[in-house]
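The lines below spell out each chain.
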Amino acid sequence: MKLKIITLFILFIIFISSLKTKNNSEISKNPNIIFIAVDDLRPQLNCYGKNQIISPNIDGLASVSYTYQNAVCNFPVCGASRASVLTGLRPNKNRFKSYKTRMDVDANNILTLGEWFKKNDYFTTSLGKVSHHTNDSPESWSIPAWRAEKNWRDYQTKENLMAADTNNNNGAAKAFEVGENLIDNYADTKMVNKAIEKLNELTKKEQPFFMALGFLKPHLPFNAPKKYWDLYKEEDIELATNRFQPENAPDVSMHKYGELRKYTNIPSDFNINIPDSTQKKLIHGYYACVSYIDAEIGRLIQHLKKIDIYENSIIVLWGDHGWQLGEHNLWAKHCNYQTSLKVPLLIKYPEQKKQKRINTVVELLDIYPTLCDLSNIKKPKHLQGKSLLSINNSDPENLYGYSKYHRGNTVTSIDKSYTEWRNKDNNFKADMMYDLLKDPNENTNISNNIENYTKINKFQYLLDSIRNLD
């Protein structure tokens with residue numbers, strides 16, 4: 001009798017264990033998602049073969065992620081780019097046309113990424129700058145979207161706060177800030193504090209979650225705590241080597257970087273170039289900001305590990321567009337050069353242990369369908385991107401990325417970039433093409449070379465097919 005009781009007890013334990021295993025398996029079918037957007041982050045990182053910026057935490061995440069070497073944004077301005085990512089729709093002549101874009105105006109009938117996951121039983125939350133407007137498409141989130149900053153420029157030194165208050169320039173002061181004797185923490189630190197607090201709550205729920213986090217930096221102004229400025233010596237900072245308009249490039253491809261000229265220590269006259277000493281300071285500030293947000297991302301990852309959800313979560317890190325640091329004598333974004341279009345894109349799968357580099361061209365538009373597939377959620381029919389699961393094993397070379405900036409449309413392939421401008425009547429205005437293998441910095445426009453006409457005709461056909469999408 002005693003043996004029978006022991007046997008029944010053992011069978012009961014085995015049964016309970018099998019239920020637990022089954023439940024864990026079911027949960028893993030809908031993994032938690034950490035969705036990290038970084039404003040103005042160019043792929044100038046060690047994980048992208050560069051060595052100027054100190055970013056050990058992003059590089060560490062890349063070491064266990066799919067690292068997309070040639071990812072492009074679909075519009076090189078934050079509002080439009082983010083709207084495209086969050087809706088899965090391409091920008092076109094009728095939607096997503098500026099930094100002020102609102103999804104609930106331009107695509108009000110479309111289920112956003114957050115709303116789709118919420119409808120599929122995820123708890124969704126937005127912290128920091130995810131969409132451009134905090135209150136855009138509020139139905140996307142299970143609780144109201146949250147931001148730390150009162151003013152997006154996020155000055156924290158007395159000098160800049162006073163200048164921003166007195167300067168009649170929409171709150172702009174200097175274009176950079178060495179963060180000493182701060183009035184308060186910067187917004188990105190507050191955002192990670194809030195994320196840690198929220199993660200502690202969410203892990204107690206028996207519900208998968210989708211947490212979107214948006215870092216402000218390295219967006220202008222380049223404000224970061226002093227210790228991140230101190231990581232770099234200004235004498236070691238190198239200026240861009242191609243501070244000139246590309247040979248044969250059309251004038252429409254250039255701009256006067258009005259975004260930067262709003263700041264009080266930058267020449268406001270469009271005809272005056274930025275002094276070399278100021279350029280070095282700007283690059284130094286950009287590097288400091290990237291190292292600052294890298295440290296905050298590291299703090300977030302450490303907490304994910306502490307609460308034991310790092311391994312089995314999906315983590316996505318992406319930049320909304322690139323940024324010029326003096327290349328072609330340009331600053332900021334707002335153009336069709338690869339410096340504005342190329343972005344970092346990392347995706348860590350649950351339980352992933354090794355990095356896999358993907359060289360083919362992909363688009364930020366592809367994130368939405370990829371996350372659906374990774375989470376075993378049916379994809380909505382409106383999506384215009386592809387799931388990256390379909391190409392990760394084959395890494396094909398014949399894929400293209402499409403980007404738009406006002407009347408300029410760009411197609412990027414593994415070896416070429418081609419941009420065409422048309423006027424308001426849709427007539428050809430100008431074009432440019434660069435050989436990204438021989439001329440990766442896009443210094444010589446080869447669109448007028450006769451031997452390239454066949455290639456250009458193909459690119460024009462591809463751009464026409466994209467332009468005509470609703």
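Here, the structure is the one placed above.
Conventions used here
Residue numbers run consecutively from 1 along every chain, following the written order of its sequence. Restriction of local features to residues with pLDDT of at least 70 applies here, the model being predicted, together with a cutoff of 80 or more for giving and counting side-chain atom pairs; totals for whole chains, interfaces and linings are based on all residues. Side-chain figures throughout are based on the complete set of non-hydrogen atoms in the structure, without hydrogens or water. We call a pair of cysteine sulfur atoms a disulfide whenever their separation is within 2.5 Å. With a 1.4 Å probe rolled over the protein chains alone, any residue whose accessible area is under 20% of its type maximum counts as buried; one over 50% counts as exposed, and the rest are partly exposed. For salt bridges, the criterion is a side-chain nitrogen of Lys or Arg within 4 Å of an Asp or Glu carboxyl oxygen. A run of DSSP states H or I qualifies as a helix once it reaches four residues; a run of E qualifies as a strand once it reaches two. Both are numbered from the N-terminal end. Every residue pair with non-hydrogen atoms within 4.5 Å of one another is taken to be in contact. Using a grid of 1 Å spacing that covers the protein atoms alone, one calls a set of points a cavity when a 1.4 Å probe fits there but cannot get out, and a pocket when the set is open and has protein on both sides within 12 Å along at least five of seven lines; lining residues are those with an atom within 4 Å of a point. Grid points are joined across faces, edges and corners, and a volume is the space filled by probe spheres set on the points. Helix span, expected: 1.5 Å multiplied by one less than the number of residues in the helix.

Caption draft 1: Looking closely at the state of the cysteines. Applying the stated criterion across every chain, the model contains 0 disulfides. Here Cys-73 stays free of any disulfide, with the sulfur of Cys-335 as its closest cysteine sulfur at 9.8 Å. Left without a disulfide partner, Cys-78 is nearest to the cysteine sulfur of Cys-73, which lies 11 Å away. Since its relative accessible area comes to 4%, Cys-78 is described here as buried.

Caption draft 2: Structural detail: the pattern of salt bridges. The full count for this structure, using the stated rule, is 25 salt bridges. For the salt bridge of Asp-104 with Arg-102, the shortest nitrogen-to-oxygen distance reads 2.9 Å. The exposure class assigned to Arg-102 is partly exposed, which follows from its relative accessible area of 22%. Its salt-bridge partner being Asp-230, residue Lys-226 comes within 2.7 Å of it at the nearest N-O pair. What emerges from the salt-bridge pattern is a single network uniting Asp-39, Arg-82, Lys-129 and Asp-320.

Caption draft 3: Expanded view of the side chain of Asn-409. Counting through the fold element by element, Asn-409 comes out in strand β14 (residues 408-412). Leave out the neighbours within four places in its chain, and Asn-409 touches Asn-336, Ser-403, Lys-404, Tyr-418, Thr-419, Glu-420, Leu-463 and Arg-467.

Caption draft 4: A look at the layout of surface pockets. The space that makes up the largest pocket amounts to roughly 1,200 Å³. Arg-42, Gln-44, Lys-50, Glu-327 and Asn-441 are the residues nearest the centre of the largest pocket, which is lined by 37 residues in total. Elements that contribute at least two residues to the lining of the largest pocket include exactly β2 (66-72), α9 (276-306), α10 (338-341) and β10 (342-343).

Caption draft 5: Molecular detail of α9. Relative to the 45 Å expected for 31 residues at 1.5 Å per residue, α9 spans 45 Å between its end C-alpha atoms, a close match to the ideal helical length. With 22 of 31 residues buried, α9 is to be regarded as a mostly interior element.

Caption draft 6: Representation of unusual backbone geometry in the model. Here the amide bond leading from Lys-217 into Pro-218 is cis, since omega sits at 15 degrees, within 30 degrees of zero. Mapped onto the elements, Pro-218 comes out in the loop between β5 (209-215) and β6 (222-225). Backbone torsion omega between Leu-220 and Pro-221 reads -10 degrees, so that peptide bond is classified as cis. Considering the arrangement of structural elements, one finds Pro-221 in the loop between β5 and β6. Although it is not a glycine, Asp-121 adopts a positive phi angle of roughly 75 degrees. Mapped onto the fold, Asp-121 is located in the loop between α5 (113-119) and β3 (123-128).

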